[in-house]
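The residues making up each chain are set out below.
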Amino acid sequence: MSRALYRLSAPLAALGRSALGLLAAIGRVTLYAFEALSHIFRPPFYPREFAAALLNVGWLSLPVVGLTALFTGGALALQIHAGGERFSAEAVVPQIVAIGIVRELGPVLVGLMIAARVTSSIAAEIATMRVTEQIDALVTLSTHPMKYLTAPRLLAGLLVVPALVAVGDVIGIYGGFLVSTGSLGFAPGSYIQNTWDFLTRADIASSLAKGAAFGFIATLMGCYHGMQSGRGAQGVGRATKASVEAAAVLILAANFLLTNIFFAA
Amino acid sequence: MIELIGVHKGFGAKQVLRGVDLSIARGESMVVIGGSGTGKSVLLKCILGLLEPDAGRILLDGQDVREAERDAFLARFGMLFQGGALFDSLPVWQNVAFRLLRGRLKRPRAEAREIAVEKLRRVGLGPEVADLLPAELSGGMQKRVGLARAIAAEPEIIFFDEPTTGLDPIMAGVINELIREIVTEMGATAMTITHDMSSVRAIADKVAMLHAGKIRWSGPVAQMDASGDPYLDQFIHGRAEGPIETLR
Ligand SMILES: Nc1ncnc2c1ncn2[C@@H]1O[C@H](COP(=O)(O)OP(=O)(O)OP(=O)(O)O)[C@@H](O)[C@H]1O
Ligand SMILES: [Mg+2]
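Residues numbered from 1 in each chain as written. Chains lettered and ligands numbered in written order. Predicted model: local features only at pLDDT ≥ 70, side-chain atom pairs only at ≥ 80, totals over all residues. Heavy atoms only, no water.

(A) Quick peek at the interface of chain B and chain A. Chain B puts 22 residues into the contact, and the matching count from chain A is 15 residues. In total, chain B and chain A occlude about 1,600 Å² of area from one another, counting both sides; carbon and sulfur atoms represent 59% of this. Counting across the interface, chain B meets chain A through one salt bridge. Looking at the side of chain B that touches chain A, the elements that each hand over two or more residues are α1 (40-48), α2 (70-75) and β6 (77-80) of chain B. (Contact = heavy atoms within 4.5 Å. Buried area = accessible area lost by both parts, 1.4 Å probe. Salt bridge = Lys/Arg side-chain N within 4 Å of Asp/Glu carboxyl O. Helix = DSSP H or I, 4+ residues; strand = E, 2+ residues; numbered from the N terminus.)

(B) Quick look at the pairing of strand β9 (residues 206-211) of chain B. All names here are of chain B. Bridge count for strand β3 (residues 29-34) against β9 is five bridges, and the pairing is parallel. Looking across to β9, one finds that G34 is bridged to L210. As judged from the six bridges shared by β9 and strand β10 (residues 214-220), these two strands associate in the antiparallel manner. Looking at the pairing, L210 lines up with I215 of β10. In this antiparallel pair of consecutive strands, β9 and β10, the connection spans two residues, and A212 shows a positive phi of 50°. (Pairing = 2+ DSSP bridges.)

(C) Inspection of the pattern of salt bridges at higher detail. One pass over the structure, following the stated rule, counts 21 salt bridges over all chains. A salt bridge links K210 of chain A to E104 of chain A; its shortest N-O distance comes to 3.2 Å. With K210 of chain A in helix α8 (residues 201-227) and E104 of chain A in helix α4 (residues 93-131), this residue pair connects regions lying 106 residues apart in the sequence. By relative accessible area, K210 of chain A is classed as buried at 0%. What emerges from the salt-bridge pattern is a single network uniting R26, D61, R76 and E156 of chain B. (Buried < 20%, exposed > 50% of the residue type's maximum accessible area, 1.4 Å probe, protein only.)

(D) Highlighting the site of ligand 1. Not every one of the 15 residues close to ligand 1 is listed here, only the nearest: K14, S36, K40, S41 and Q82 of chain B. Of the chains in the model, those with residues near ligand 1 are chains A and B. Here V42 of chain B contributes a backbone N or O atom positioned 2.9 Å from an oxygen atom of ligand 1. Between ligand 1 and Q82 of chain B there is a distance of 2.7 Å, counted from an oxygen atom to a side-chain nitrogen or oxygen. Bound to the protein, ligand 1 loses 73% of the 630 Å² it would expose on its own. Those elements giving two or more residues to the shell around ligand 1 turn out to be β2 (14-24) and α1 of chain B. Ranked by the residues each element gives to the shell around ligand 1, the list is headed by α1 of chain B, at three residues. Residues that form the shell around ligand 1 fall into these classes: three nonpolar, eight polar and four charged. (Near = heavy atom within 4 Å. Polar contact = N/O pair within 3.5 Å; in protein donor to acceptor, adjacent residues only side chain to side chain. Areas by Shrake-Rupley, 256 points an atom, 1.4 Å probe, with all protein chains shown as cover. Nonpolar A, V, L, I, M, F, W, Y, C, P; charged D, E, K, R; others polar.)

(E) Representation of α4 of chain A in the model. The sharpest bend along α4 of chain A measures roughly 50° and falls at I101 of chain A. Immediately downstream of α4 of chain A, the backbone of E133 of chain A shows phi near 65°, a positive value. (Bend = angle between axes of the 7 residues up to and from the residue.)

(F) Region of interest: the nonpolar core. Of all hydrophobic cores here, the largest spans 84 residues; its most connected members are I2, L17, L22, F159 and M191 of chain B. For this core, the element with the most residues is helix α6 (residues 145-183) of chain A, which contributes 10 residues. What I2 of chain B contacts, discounting residues up to four positions off in sequence, is L22, S23, I24, I47, L59, L60, I157 and F159 of chain B. Formed by 49 residues, the second largest nonpolar core is a distinct cluster that contains V96, A130, V221 and M224 of chain B. (Core = buried A, V, L, I, M, F, W, Y, C linked by side-chain atoms within 4.5 Å.)

(G) Quick look at the confidence of the model for chain B. Averaged over all residues, the pLDDT of chain B equals 92, while 99% of them reach at least 70. In the model output, the complex is listed with pTM 0.90 alongside ipTM 0.91. (pLDDT = per-residue confidence, 0-100.)

Right, here's the structure in full:
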């Protein structure tokens, strides 16, 4: 091959390689996800690990989820009011806050907060276990790391993140309510009535379904990248970073996909 | 009982094991010696299936370890890792009793705890450490907890990766005796890695020396001093001059 042709083809080859690498990574993650899911349903089960994961993923995330939702709901109410005023539609604040929070911001913000809080801690913990041979030790003690470490965390993510999203939705709406009744002159009774009348069952179901999907993605990425960790402190750092990046991007992509499925008819 | 035939293992371009042949009989205490970084720990991990050899065969009772049913296979082994590898989220006694708290060897918590405390005593640790977390222990204490965990379920075959490094000479003596006892009294098969020649003499029935990815010499411990192998002699006597190259 002539040198010129080679020069031309080199960037293409690099592009091809990285595309192949990406496909391979997607394949690995998918296989990992299916294997992990299958372990959720097959004994032995580790109830203590599951309880610890519930506590860590769910209960201990409540403060950060609550605060995030509260401030976002408040800011949303202000913006909608300011924007609505321009064409004298400021009365729609309760309805738009409800839709914005329940359909989009509640699940997405909770998902991202879980990625920041839970994905990172799972990845760092499992990566450290890998680096200090604790995963090897688990295996020699006849315990499957996938069952003992991954399955309880995934299950906790699947079950408890929807609950967190529900809490986030309620607190987000409450944030809008506080701002609207406190400084925008809405009457509390009719604000709540309007919110309640406007939301449909499908809105709420989609919110919870997104929560389950994001909880799954967040815990899966933590476990997967933790297990794949390279050696040493640097390996742990890389694994943690990669897990949070992947979780955040995948959550946003999944959100787009799910919104398309649920609402674009 | 354990037989390795032409085992190769490399990482990337780096060849670590280049055809290891070794056999260990039932109830025998084999000690593997060799320079730092020659692949002794890698060898143990290959036998346990934690690392996949690139070539060669590993047999346990004549059966290829890759074909063995994994749970039953692992249930026969105990392993002390070089770094201890304690689970840092669990208190010491739950580390020691890990196998006894779940899976097929599961027993009541109180009983498991009792066994853990007894095993801790055998490695020279009092009951007061049982409820501490591994991070609260010194390096040598962690090593001994790892040792207690390896022997807790009384496995048939036990691997010790440097059981006495980081211990004071008296405690090292205690641990050497313990390993010897486990082999003679419980009839266990042991494979120990160590750099400590007094440990070798205290523990070993047979000695194998790993050098340049192969077993350079192996034989009964009594013949070690009269082997006539310059590599082994240099290692035993810790001489800087000899056929084994040292960088300075
Ligand atoms: N997971 C791994 N990835 C890459 N290289 C590895 C891995 N494990 C071991 N090695 C390399 O294999 C070689 C042998 O390592 P090993 O831990 O078996 O040495 P060792 O004989 O036990 O040494 P020491 O006496 O210092 O413990 C080392 O050079 C090490 O860098
Ligand atoms: Mg080693």
